[in-house]
Amino acid sequence: MDVRQLRYLIALVREQHFSRAAESCNISQPALSAQIRRLEEELGVPLIRRGNSYGGLTPEGERILAWAKRIVTQADALLDEASELRGELVGSIAIGVIPSALSVLPLLTAPLLAEHPGLRLVVSSLSSIEIQRGLDNLALDAGLTYLDNEPLQNVDMLGLYHEEFALLAPQAAVVDLPEVVAWRDLERLPLCLLTPDMQNRRIIDGIFARVGIAPAPIVQSNSVVTLLGHVRHAGLFSIVARNHLTLLGSLGGVVLKRLIRPQVRQRVGLVRHATEVPSPRIDALWRLGKRLDLDARLLEAMPS
(Lines give C-alpha, C1' and ligand atoms only; values in the text may rest on other atoms or scores of the structure.)
Protein backbone atom coordinates (compact mmCIF):
# COMPACT_ATOMS: atom_id res chain seq x y z
CA MET A 1 0.00 0.00 0.00
CA ASP A 2 1.20 3.51 -0.89
CA VAL A 3 0.11 6.62 1.01
CA ARG A 4 -0.40 8.27 -2.38
CA GLN A 5 -3.18 5.79 -3.12
CA LEU A 6 -4.96 6.93 0.02
CA ARG A 7 -4.49 10.55 -1.03
CA TYR A 8 -6.06 9.73 -4.40
CA LEU A 9 -9.05 8.14 -2.72
CA ILE A 10 -9.55 11.18 -0.48
CA ALA A 11 -9.24 13.51 -3.48
CA LEU A 12 -11.82 11.51 -5.43
CA VAL A 13 -14.34 11.73 -2.61
CA ARG A 14 -13.63 15.44 -2.20
CA GLU A 15 -13.96 16.29 -5.89
CA GLN A 16 -16.71 13.74 -6.70
CA HIS A 17 -15.19 13.38 -10.17
CA PHE A 18 -12.26 11.31 -11.50
CA SER A 19 -10.82 14.00 -13.79
CA ARG A 20 -11.03 16.79 -11.21
CA ALA A 21 -9.49 14.53 -8.56
CA ALA A 22 -6.64 13.64 -10.90
CA GLU A 23 -6.05 17.31 -11.69
CA SER A 24 -5.93 18.19 -8.01
CA CYS A 25 -3.31 15.45 -7.49
CA ASN A 26 -1.27 16.47 -10.57
CA ILE A 27 -1.58 13.09 -12.27
CA SER A 28 -3.54 11.77 -15.23
CA GLN A 29 -7.05 10.43 -14.79
CA PRO A 30 -6.13 6.90 -15.97
CA ALA A 31 -3.23 6.82 -13.50
CA LEU A 32 -5.47 7.85 -10.60
CA SER A 33 -8.09 5.25 -11.54
CA ALA A 34 -5.42 2.55 -11.80
CA GLN A 35 -3.98 3.38 -8.38
CA ILE A 36 -7.38 3.23 -6.73
CA ARG A 37 -8.04 -0.16 -8.42
CA ARG A 38 -4.72 -1.42 -7.04
CA LEU A 39 -5.76 -0.25 -3.58
CA GLU A 40 -9.05 -2.16 -3.94
CA GLU A 41 -7.19 -5.29 -5.07
CA GLU A 42 -4.77 -5.11 -2.15
CA LEU A 43 -7.52 -4.56 0.39
CA GLY A 44 -9.77 -7.14 -1.23
CA VAL A 45 -12.93 -5.00 -1.08
CA PRO A 46 -14.64 -2.65 -3.58
CA LEU A 47 -14.29 1.00 -2.59
CA ILE A 48 -15.96 2.85 -5.48
CA ARG A 49 -19.40 2.50 -7.05
CA ARG A 50 -18.53 2.57 -10.73
CA GLY A 51 -20.71 3.36 -13.72
CA ASN A 52 -20.40 5.93 -16.49
CA SER A 53 -19.08 8.30 -13.82
CA TYR A 54 -18.11 8.36 -10.15
CA GLY A 55 -21.03 6.93 -8.18
CA GLY A 56 -19.83 7.41 -4.62
CA LEU A 57 -18.29 5.03 -2.12
CA THR A 58 -19.43 1.55 -1.24
CA PRO A 59 -20.13 0.82 2.45
CA GLU A 60 -16.65 -0.73 2.57
CA GLY A 61 -15.23 2.39 0.97
CA GLU A 62 -16.79 4.61 3.63
CA ARG A 63 -15.01 2.67 6.36
CA ILE A 64 -11.71 2.64 4.49
CA LEU A 65 -11.99 6.40 3.85
CA ALA A 66 -12.00 7.09 7.60
CA TRP A 67 -8.76 5.12 7.94
CA ALA A 68 -7.26 6.82 4.88
CA LYS A 69 -7.83 10.25 6.42
CA ARG A 70 -6.17 9.19 9.67
CA ILE A 71 -3.17 7.67 7.91
CA VAL A 72 -2.64 10.63 5.55
CA THR A 73 -2.94 13.11 8.42
CA GLN A 74 -0.35 11.22 10.44
CA ALA A 75 1.95 10.84 7.43
CA ASP A 76 1.87 14.61 6.91
CA ALA A 77 2.56 15.14 10.60
CA LEU A 78 5.57 12.82 10.33
CA LEU A 79 7.00 14.86 7.44
CA ASP A 80 6.45 18.07 9.42
CA GLU A 81 8.15 16.56 12.46
CA ALA A 82 11.18 15.68 10.33
CA SER A 83 11.42 19.22 8.98
CA GLU A 84 11.20 20.60 12.53
CA LEU A 85 13.99 18.26 13.64
CA ARG A 86 16.13 19.68 10.83
CA GLY A 87 15.67 23.08 12.41
CA GLU A 88 13.10 24.44 10.00
CA LEU A 89 9.33 24.32 9.77
CA VAL A 90 8.35 24.26 6.11
CA GLY A 91 5.32 23.47 4.02
CA SER A 92 1.91 24.93 3.30
CA ILE A 93 -1.04 25.64 5.59
CA ALA A 94 -4.48 25.84 3.96
CA ILE A 95 -6.76 28.07 6.06
CA GLY A 96 -10.47 28.67 5.50
CA VAL A 97 -11.71 31.99 6.90
CA ILE A 98 -15.21 33.41 7.31
CA PRO A 99 -15.48 36.75 5.44
CA SER A 100 -15.84 38.88 8.58
CA ALA A 101 -12.54 37.51 9.95
CA LEU A 102 -10.40 38.03 6.84
CA SER A 103 -8.96 41.34 8.01
CA VAL A 104 -8.22 39.91 11.47
CA LEU A 105 -6.27 36.94 10.11
CA PRO A 106 -3.00 38.90 9.48
CA LEU A 107 -2.80 39.66 13.23
CA LEU A 108 -2.23 35.92 13.60
CA THR A 109 -0.40 34.98 10.42
CA ALA A 110 2.10 37.88 10.33
CA PRO A 111 3.87 36.78 13.54
CA LEU A 112 3.58 33.13 12.43
CA LEU A 113 5.46 33.85 9.20
CA ALA A 114 8.01 35.96 11.08
CA GLU A 115 8.76 33.01 13.38
CA HIS A 116 8.69 30.38 10.60
CA PRO A 117 9.70 31.97 7.27
CA GLY A 118 9.68 28.56 5.57
CA LEU A 119 5.89 28.29 5.87
CA ARG A 120 3.49 29.20 3.07
CA LEU A 121 -0.19 30.04 3.49
CA VAL A 122 -3.18 29.39 1.24
CA VAL A 123 -6.15 31.45 2.51
CA SER A 124 -9.70 30.94 1.24
CA SER A 125 -12.79 33.00 2.09
CA LEU A 126 -15.43 30.40 3.00
CA SER A 127 -18.66 29.97 4.88
CA SER A 128 -18.58 28.16 8.22
CA ILE A 129 -20.22 25.15 6.55
CA GLU A 130 -17.53 25.06 3.85
CA ILE A 131 -14.82 25.27 6.51
CA GLN A 132 -16.29 22.23 8.29
CA ARG A 133 -16.44 20.36 4.98
CA GLY A 134 -12.86 21.32 4.11
CA LEU A 135 -11.57 20.03 7.45
CA ASP A 136 -13.53 16.81 7.03
CA ASN A 137 -12.10 16.05 3.58
CA LEU A 138 -8.58 17.32 4.44
CA ALA A 139 -8.75 20.15 1.90
CA LEU A 140 -8.12 22.54 4.82
CA ASP A 141 -5.58 22.36 7.64
CA ALA A 142 -7.31 24.95 9.82
CA GLY A 143 -10.20 27.39 9.90
CA LEU A 144 -10.99 30.76 11.45
CA THR A 145 -14.72 30.75 12.16
CA TYR A 146 -17.54 31.20 14.66
CA LEU A 147 -17.30 28.76 17.55
CA ASP A 148 -20.61 28.86 19.41
CA ASN A 149 -23.66 29.26 17.21
CA GLU A 150 -23.74 26.06 15.17
CA PRO A 151 -22.20 22.72 16.19
CA LEU A 152 -18.74 21.91 14.86
CA GLN A 153 -17.89 18.24 14.37
CA ASN A 154 -14.62 16.40 15.06
CA VAL A 155 -12.56 19.55 15.62
CA ASP A 156 -10.37 21.14 18.26
CA MET A 157 -11.32 24.77 18.97
CA LEU A 158 -9.32 27.74 20.24
CA GLY A 159 -11.12 31.03 20.96
CA LEU A 160 -9.20 34.08 19.74
CA TYR A 161 -11.46 37.14 19.95
CA HIS A 162 -15.04 38.41 20.10
CA GLU A 163 -16.81 39.96 17.14
CA GLU A 164 -19.24 42.86 17.56
CA PHE A 165 -21.77 44.03 14.99
CA ALA A 166 -22.03 47.58 13.69
CA LEU A 167 -24.21 49.43 11.21
CA LEU A 168 -22.34 50.50 8.09
CA ALA A 169 -23.98 53.65 6.78
CA PRO A 170 -23.33 56.02 3.86
CA GLN A 171 -21.66 59.27 4.89
CA ALA A 172 -24.61 61.32 3.60
CA ALA A 173 -26.98 59.59 6.02
CA VAL A 174 -25.02 60.40 9.19
CA VAL A 175 -27.04 63.50 10.08
CA ASP A 176 -30.20 61.40 10.32
CA LEU A 177 -28.71 58.71 12.58
CA PRO A 178 -28.11 58.66 16.36
CA GLU A 179 -24.65 57.85 17.73
CA VAL A 180 -25.82 54.32 18.55
CA VAL A 181 -28.59 52.53 16.68
CA ALA A 182 -31.08 49.98 18.03
CA TRP A 183 -31.63 46.81 16.03
CA ARG A 184 -35.35 47.55 15.75
CA ASP A 185 -34.53 50.79 13.89
CA LEU A 186 -32.99 48.78 11.04
CA GLU A 187 -36.40 47.67 9.76
CA ARG A 188 -36.93 50.96 7.94
CA LEU A 189 -33.47 51.07 6.33
CA PRO A 190 -32.57 49.77 2.82
CA LEU A 191 -30.15 46.97 3.64
CA CYS A 192 -27.49 44.92 1.87
CA LEU A 193 -26.44 41.77 3.74
CA LEU A 194 -24.37 38.63 3.40
CA THR A 195 -26.15 35.66 1.83
CA PRO A 196 -28.09 33.17 4.04
CA ASP A 197 -25.44 30.46 3.56
CA MET A 198 -23.10 32.58 5.70
CA GLN A 199 -23.31 31.99 9.46
CA ASN A 200 -22.90 35.75 9.98
CA ARG A 201 -26.20 36.28 8.16
CA ARG A 202 -27.93 33.50 10.09
CA ILE A 203 -26.83 35.12 13.36
CA ILE A 204 -28.16 38.49 12.17
CA ASP A 205 -31.48 36.92 11.12
CA GLY A 206 -31.71 35.39 14.61
CA ILE A 207 -31.27 38.83 16.19
CA PHE A 208 -33.94 40.27 13.89
CA ALA A 209 -36.32 37.54 15.06
CA ARG A 210 -35.51 38.31 18.72
CA VAL A 211 -36.45 41.99 18.32
CA GLY A 212 -39.51 41.19 16.20
CA ILE A 213 -38.56 42.54 12.79
CA ALA A 214 -38.01 40.93 9.37
CA PRO A 215 -36.12 43.27 7.03
CA ALA A 216 -35.88 42.35 3.35
CA PRO A 217 -32.39 43.16 2.03
CA ILE A 218 -32.15 44.81 -1.38
CA VAL A 219 -28.74 43.29 -2.11
CA GLN A 220 -27.27 40.00 -0.85
CA SER A 221 -23.68 38.88 -1.44
CA ASN A 222 -21.09 36.52 0.03
CA SER A 223 -18.49 39.31 -0.22
CA VAL A 224 -18.00 42.00 2.44
CA VAL A 225 -16.27 44.14 -0.21
CA THR A 226 -19.46 44.05 -2.30
CA LEU A 227 -21.48 45.20 0.70
CA LEU A 228 -19.03 48.04 1.32
CA GLY A 229 -19.33 49.12 -2.31
CA HIS A 230 -23.12 49.24 -2.18
CA VAL A 231 -23.08 51.29 1.01
CA ARG A 232 -20.58 53.72 -0.46
CA HIS A 233 -22.04 54.06 -3.97
CA ALA A 234 -25.70 52.97 -3.77
CA GLY A 235 -26.70 54.58 -0.48
CA LEU A 236 -27.60 51.26 1.17
CA PHE A 237 -26.91 50.21 4.77
CA SER A 238 -25.25 47.02 5.98
CA ILE A 239 -24.48 45.13 9.18
CA VAL A 240 -20.85 44.14 9.51
CA ALA A 241 -18.29 43.00 12.04
CA ARG A 242 -17.07 46.23 13.61
CA ASN A 243 -13.47 45.03 13.86
CA HIS A 244 -13.42 43.92 10.22
CA LEU A 245 -13.96 47.44 8.91
CA THR A 246 -11.79 49.28 11.43
CA LEU A 247 -8.79 47.09 10.57
CA LEU A 248 -9.11 47.95 6.89
CA GLY A 249 -8.04 51.54 7.60
CA SER A 250 -9.59 54.63 6.06
CA LEU A 251 -13.21 54.14 4.98
CA GLY A 252 -14.06 57.14 2.82
CA GLY A 253 -17.75 57.67 2.19
CA VAL A 254 -19.02 55.35 4.92
CA VAL A 255 -19.50 55.52 8.69
CA LEU A 256 -19.71 52.84 11.39
CA LYS A 257 -22.41 53.10 14.07
CA ARG A 258 -22.64 50.86 17.14
CA LEU A 259 -25.67 48.59 17.38
CA ILE A 260 -27.45 48.13 20.71
CA ARG A 261 -30.56 46.56 22.23
CA PRO A 262 -29.29 43.90 22.04
CA GLN A 263 -25.51 44.33 21.96
CA VAL A 264 -24.19 41.05 20.57
CA ARG A 265 -20.71 39.53 20.81
CA GLN A 266 -19.74 36.39 18.90
CA ARG A 267 -16.72 34.21 19.76
CA VAL A 268 -14.41 33.61 16.79
CA GLY A 269 -11.42 31.28 16.82
CA LEU A 270 -9.28 28.62 15.24
CA VAL A 271 -10.49 25.13 14.42
CA ARG A 272 -8.48 22.14 13.30
CA HIS A 273 -9.29 18.51 12.64
CA ALA A 274 -9.13 16.57 15.90
CA THR A 275 -6.21 14.15 15.65
CA GLU A 276 -4.11 12.27 18.17
CA VAL A 277 -0.91 13.96 16.97
CA PRO A 278 -1.46 17.36 15.28
CA SER A 279 0.86 18.49 12.52
CA PRO A 280 3.76 20.65 13.79
CA ARG A 281 2.75 23.31 11.24
CA ILE A 282 -0.76 23.52 12.65
CA ASP A 283 0.57 23.20 16.18
CA ALA A 284 2.77 26.26 15.60
CA LEU A 285 -0.30 28.23 14.50
CA TRP A 286 -2.19 26.95 17.56
CA ARG A 287 0.56 27.87 20.05
CA LEU A 288 0.77 31.36 18.60
CA GLY A 289 -3.00 31.79 18.89
CA LYS A 290 -2.77 30.94 22.59
CA ARG A 291 -0.14 33.64 23.14
CA LEU A 292 -1.94 36.48 21.37
CA ASP A 293 -4.56 38.72 22.98
CA LEU A 294 -6.53 39.59 19.84
CA ASP A 295 -9.41 41.14 21.78
CA ALA A 296 -6.96 43.73 23.14
CA ARG A 297 -5.45 44.33 19.70
CA LEU A 298 -8.88 44.86 18.16
CA LEU A 299 -9.94 47.19 20.94
CA GLU A 300 -6.88 49.35 20.25
CA ALA A 301 -7.81 49.54 16.55
CA MET A 302 -11.43 50.54 17.12
CA PRO A 303 -12.40 54.20 17.23
CA SER A 304 -13.90 55.34 20.51
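For the structure given in this document, a descriptive report is provided here.

Here the focus is the overall build of the protein. Counting its secondary structure elements, the protein contains 11 helices and 12 strands. Along the first, second and third principal axes, the C-alpha atoms of the protein reach 75 × 50 × 30 Å. Burial statistics for the protein: of 304 residues in total, 47% are counted as buried. A total of about 14800 Å² of accessible surface is found on the protein, and carbon and sulfur atoms cover 52% of it. Seen as two clouds, the 32 positive and the 33 negative side-chain charges of the protein have centres 2 Å apart.

Right, let's talk about the pattern of salt bridges for a bit. Inspection of the entire model under this criterion finds 14 salt bridges. The salt bridge involving Arg-7 is made with Asp-76; its shortest N-O contact spans 2.6 Å. One end of the pair, Arg-7, is in helix H1 (residues 3–15); the other, Asp-76, is in helix H4 (residues 59–85), and 69 residues separate them in sequence. Residue classification places Arg-7 among the partly exposed residues on the basis of a relative accessible area of 29%. Exposure remark for Asp-76: the relative accessible area of 23% places this residue in the partly exposed category. Several salt bridges converge on common partners, so that one network encompasses Asp-156, Arg-272, Asp-283 and Arg-287.

Moving on to the pairing of strand S3 (residues 91–97). Counted residue by residue, S3 has five buried out of seven residues, so it is predominantly covered. Bridge count for S3 against strand S4 (residues 119–125) is seven bridges, and the pairing is parallel. From the neighbouring strand, Val-97 faces S4, where its bridge partner is Ser-125. A crossover connection joins S3 to the parallel S4 through helix H5 (residues 105–115); in handedness this β-α-β unit is right-handed. Relative to strand S5 (residues 142–146), S3 is paired through three bridges, and the arrangement is parallel. Bridge assignment links Gly-96 to a residue of S5, and that residue is Gly-143.

Before going further, it helps to spend a moment on the packing of aromatic side chains. One pair of aromatic rings is described through two measures. These are the centre distance and the angle between the planes. Considering all chains together, one arrives at three aromatic pairs under this definition. For the ring pair Phe-18 and Tyr-54, a centre distance of 6.1 Å and an interplane angle of 80 degrees mean the geometry is edge-to-face. Separated by 36 residues along the polypeptide, Phe-18 in helix H2 (residues 18–25) and Tyr-54 in strand S2 (residues 54–57) bring together distant segments of the chain. By the burial criterion, Phe-18 is buried, and Tyr-54 matches it. Consider the rings of Trp-183 and Phe-208, whose centres lie 5.9 Å apart with planes at 70 degrees: the pair is edge-to-face. Note that Trp-183 is positioned in the loop between strand S7 (180–182) and strand S8 (192–194) and Phe-208 in helix H7 (residues 199–211), a separation of 25 residues in sequence. The two residues Trp-183 and Phe-208 agree in class, both being buried. Through pairs of rings, three or more aromatic residues link up here, namely Phe-165, Trp-183 and Phe-208. Positioned above the aromatic ring of Trp-67 is the side chain of Arg-70, whose terminal nitrogen or guanidinium carbon lies 4.7 Å from the ring centre. Here the basic side chain of Arg-272 rests over the ring of Trp-286, its NZ or CZ set 4.1 Å away from the ring centre.

Conventions adopted
- All residue numbers here refer to positions counted from 1 along the written sequence of the relevant chain.
- Given that the model is predicted, a residue must reach a pLDDT of at least 70 before its local features are reported, and side-chain atom pairs must reach 80 or more before they are shown or counted; all residues, however, enter totals for whole chains, interfaces and linings.
- Processing note: side-chain calculations cover all non-hydrogen atoms of the structure and skip hydrogens and water entirely.
- Only DSSP runs of H or I with at least four residues qualify as helices, and only runs of E with at least two residues qualify as strands; both kinds are numbered from the N terminus onward.
- Throughout, exposure labels follow a simple rule: accessible area from a 1.4 Å probe, protein chains only, divided by the maximum for the residue type, with under 20% read as buried, over 50% as exposed, and the rest as partly exposed.
- Using the Shrake-Rupley algorithm and a 1.4 Å probe, accessible areas are obtained, with residue cover drawn only from the displayed protein chains.
- His residues and chain termini do not enter the charge count, which takes Lys and Arg as positive and Asp and Glu as negative.
- Lys charges are placed at NZ, Arg charges at CZ, Asp charges at CG and Glu charges at CD.
- By definition here, a salt bridge exists when the distance from a side-chain nitrogen of Lys or Arg to a carboxyl oxygen of Asp or Glu is within 4 Å.
- DSSP bridges decide pairing: two strands pair if at least two such bridges lie between them.
- By the criterion used throughout, a crossover qualifies as right-handed when its path from the first strand across the helix to the second strand runs clockwise, the strands pointing away from the viewer.
- To pair, rings of Phe, Tyr and Trp, with the six-membered ring standing in for Trp, must have centres within 6.5 Å; the planes then decide the type, stacked if under 30 degrees apart, edge-to-face if over 60, and tilted in the middle.
- Charges are assigned to positions over rings by a cutoff of 6 Å between ring centre and Lys NZ or Arg CZ, combined with an angular limit of 35 degrees from the ring normal.

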